[in-house]
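Residue-level listing of the chains:
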Amino acid sequence: MDKIRIRGGRPLSGDIVIGGAKNAGLPLMAAGLLTDERLVLTNVPLLADIHTMAQLIAQHGVAVEPVTNDGRALSIGGAITNTEAPYDIVRKMRASVLVLGPLVARVGEARVSLPGGCAIGTRPIDLHLKGLQQMGAVIQLDGGYVNATAPQGLKGATIVLAMPSVGATENLLMAASLADGRTVIANAAQEPEITDLCDCLVAMGARIDGIGTDKLTIDGVRSLHGATHSIIPDRIETGTYACAAAITGGSVRLRGGRLDHLGAVVKVLHEAGVDVSEDGGDLIVRRLNGLHGADAMTAPFPGFPTDMQAQLMALMSVAEGAAMITETIFENRFMHVPELNRLGARINVHGASAIVRGVPQLSGAPVMATDLRASVSLVLAGLAAKGETVVNRVYHLDRGYEAVEQKLAACGADIERLPG
């Protein structure tokens, strides 16, 4: 199992290219199940989760083929010959459940294993299932699988989500695009990845109003057609490398990063003494006069994203003063705290909140990644720590970050991947 070795203390300086968004690419790939024609996706990130989704879609009988030699463009399309999403694939990645809505909408049935992914807390799919039931699907849970059928086809419905779930919004949006009649999704998630999916579906012939708001209105069409769509840049990768620049006291140009996609991250970074400014389609990130404690509470977009909580905690561990970070989305998402404390951080967890008291210097140590974002928070801490840090179990990292060690090394970090 690979590990990453870091010798900290070097300010980052240089350019980092922001890749396509994993959390946009996965639902966009699932959207390829909605049509017989070819959906071509460009700006595809080369990540383990993208590969897993390609495997899943391919085993439904739909062709997933690279369009370019570098794999950054994929063609998806063809007849669906199998409607089962098996446990051995779905267990690797929670986003696999996004094939449920498209399969039921297009062929009237699906058998999808209950999902897996990072061990960061309970992430039930009840909102996905209730919404599909309102649209006329018959749902049965059997042996760890969701069996869904729509004998009369899906019908438009008014669905009020109990919470603005990103996954449920995506699944229901795709299902509604081929349903008979009008579907209204109220309290819909407003993340940039939802807007990206809407834009792609519209390019495929879907009729959607309210894009970018919490109320989406979809008038179902009989069929969708092929399209070409470029995946948006990854806002979590953008925020992560912004924290990398800040924690090392460096200055980094994030090529392709979008300020409008960062939401509350920019506000919190500004409060912490980090300048984030736009420059010709890129973002320039630099630390101003020292780091200062800044509080954050995770919330749906445009609030502070749960996927940036661990990175902010690493940053706050070397800030002056104290910071309170409250997690409202996932109950088990503080598993990185003991590992950060091994590096000398002073973090105490009280229920859903963590109190971070900044220290002048972290010290290198061996640490272990527990999930995707926790793993990169340990890399960030290692960049700032004195001495050598070894991050073990970095397969988590490869699910969401492409070539992280090369990108950081190109900006002056002393970092390398070691075989396990």
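Rules of the game
- Residues numbered from 1 in each chain as written.
- Predicted model: local features only at pLDDT ≥ 70, side-chain atom pairs only at ≥ 80, totals over all residues.
- Heavy atoms only, no water.
- Helix = DSSP H or I, 4+ residues; strand = E, 2+ residues; numbered from the N terminus.
- Rg over C-alpha atoms; globule rule 2.2 N^0.38 Å.
- Buried < 20%, exposed > 50% of the residue type's maximum accessible area, 1.4 Å probe, protein only.
- Contact = heavy atoms within 4.5 Å.
- Areas by Shrake-Rupley, 256 points an atom, 1.4 Å probe, with all protein chains shown as cover.
- Lys, Arg positive; Asp, Glu negative; His and termini not counted.
- Charge placed at Lys NZ, Arg CZ, Asp CG, Glu CD.
- Pairing = 2+ DSSP bridges.
- 1 Å grid on protein atoms, 1.4 Å probe; cavity = no way out; pocket = protein on both sides within 12 Å on 5 of 7 lines; lining within 4 Å.
- Points joined across faces, edges and corners; volume = space filled by probe spheres on them.
- Nonpolar A, V, L, I, M, F, W, Y, C, P; charged D, E, K, R; others polar.
- Axes fitted to C-alpha atoms, helices over the stretch in contact; angles between N-to-C directions.
- pLDDT = per-residue confidence, 0-100.
- Polar contact = N/O pair within 3.5 Å; in protein donor to acceptor, adjacent residues only side chain to side chain.

Some points on the overall build of the chain
Counting its regular elements, the chain contains 14 helices and 24 strands. Radius of gyration (C-alpha) of the chain: 21 Å, near the 22 Å computed for a compact globule of 420 residues. Its C-alpha atoms give the chain principal-axis dimensions of about 65 × 45 × 45 Å. The proportion of buried residues among the 420 residues of the chain is 58%. Restricting the contact set of the chain to residue pairs at least 6 apart, pairs at least 24 apart contribute 73%. Carbon and sulfur atoms make up 50% of the accessible area of the chain, which amounts to about 15500 Å² in all. Side-chain charges in the chain split into 36 positive and 42 negative, and the spacing between the mean points of these groups amounts to 4 Å.

Examining the sheet that holds strand β9 (residues 145-149)
Backbone hydrogen bonds hold the strands of a sheet together, and the pairing may be parallel or antiparallel. Strands sit in the order β6-β7-β9-β8 across an open sheet of 4 strands; the sheet is mixed. Pairing within the sheet leaves two strands with one partner each, and these edge strands are β6 (84-85) and β8 (138-142). Note: strand β7 (residues 109-113) against β9, 5 bridges, orientation antiparallel. Within the sheet, the bridge partner assigned to Ala-110 lies in β9 and is Ala-148.

A closer look at the side chain of Ser-353
Of note, Ser-353 is situated in strand β21 (residues 353-357). Overall, Ser-353 belongs to the buried group, its relative accessible area being 14%. Setting aside anything within four residues of it in sequence, one finds Ser-353 in contact with Met-324, Ile-325, Thr-326, Phe-334 and Asn-348.

Things to note about empty space enclosed by the protein
Evaluated as defined, the whole model comprises 2 cavities of 30 Å³ or more. The computed volume of the largest cavity comes to approximately 50 Å³. In terms of lining, the largest cavity is formed by Gly-19, Gly-20, Pro-45, Leu-47, Asp-234, Glu-237, Gly-400, Tyr-401, Glu-402 and Lys-407. The class makeup of the residues in the lining of the largest cavity is 3 nonpolar, 3 polar and 4 charged. Every residue along the wall of the second largest cavity is listed here: Ala-21, Lys-22, Asn-23, Glu-193, Asp-234, Ile-236 and Arg-373. Its residues placed into classes, the lining of the second largest cavity shows 2 nonpolar, 1 polar and 4 charged.

Some words on the sheet that holds strand β3 (residues 39-42)
Strand order in this open sheet of 4 strands is β4-β5-β3-β14, and the pairing throughout is mixed. Each edge of the open sheet carries a strand with a single partner, namely β4 (63-66) and β14 (227-230). Each strand of the sheet is rotated relative to its neighbour by a mean of 20°, with strand direction disregarded. Docked against the sheet, helix α7 (residues 192-203) engages β3 and β14, running at close to 160° with respect to β14.

Remarks on the confidence of the model for the chain
Taken residue by residue, the chain gives an average pLDDT of 94. The fraction at 70 or more is 98%. Note on residues 117-122: pLDDT is under 50 here. Beyond four places in sequence and across chains, it has 21 contacts.

Some words on the side chain of Lys-407
Residue position: Lys-407 is located in helix α14 (residues 404-409). A relative accessible area of 17% places Lys-407 in the buried class. At a separation of 2.8 Å, a polar atom in the side chain of Lys-407 contacts the main-chain carbonyl oxygen of Val-17. Those residues in contact with Lys-407 that sit more than four places away from it in its chain are Ile-16, Val-17, Gly-19, Glu-237, Tyr-241 and Glu-402.

Observations regarding the pairing of strand β1 (residues 3-7)
Here β1 pairs with strand β24 (residues 414-418) via 5 bridges, running antiparallel. What sits directly across from Arg-7, in β24, is Asp-414. Here β1 runs beside strand β23 (residues 388-392); their pairing, made up of 5 bridges, is antiparallel. If you follow Ile-6 over to β23, its bridge partner there is Thr-389.

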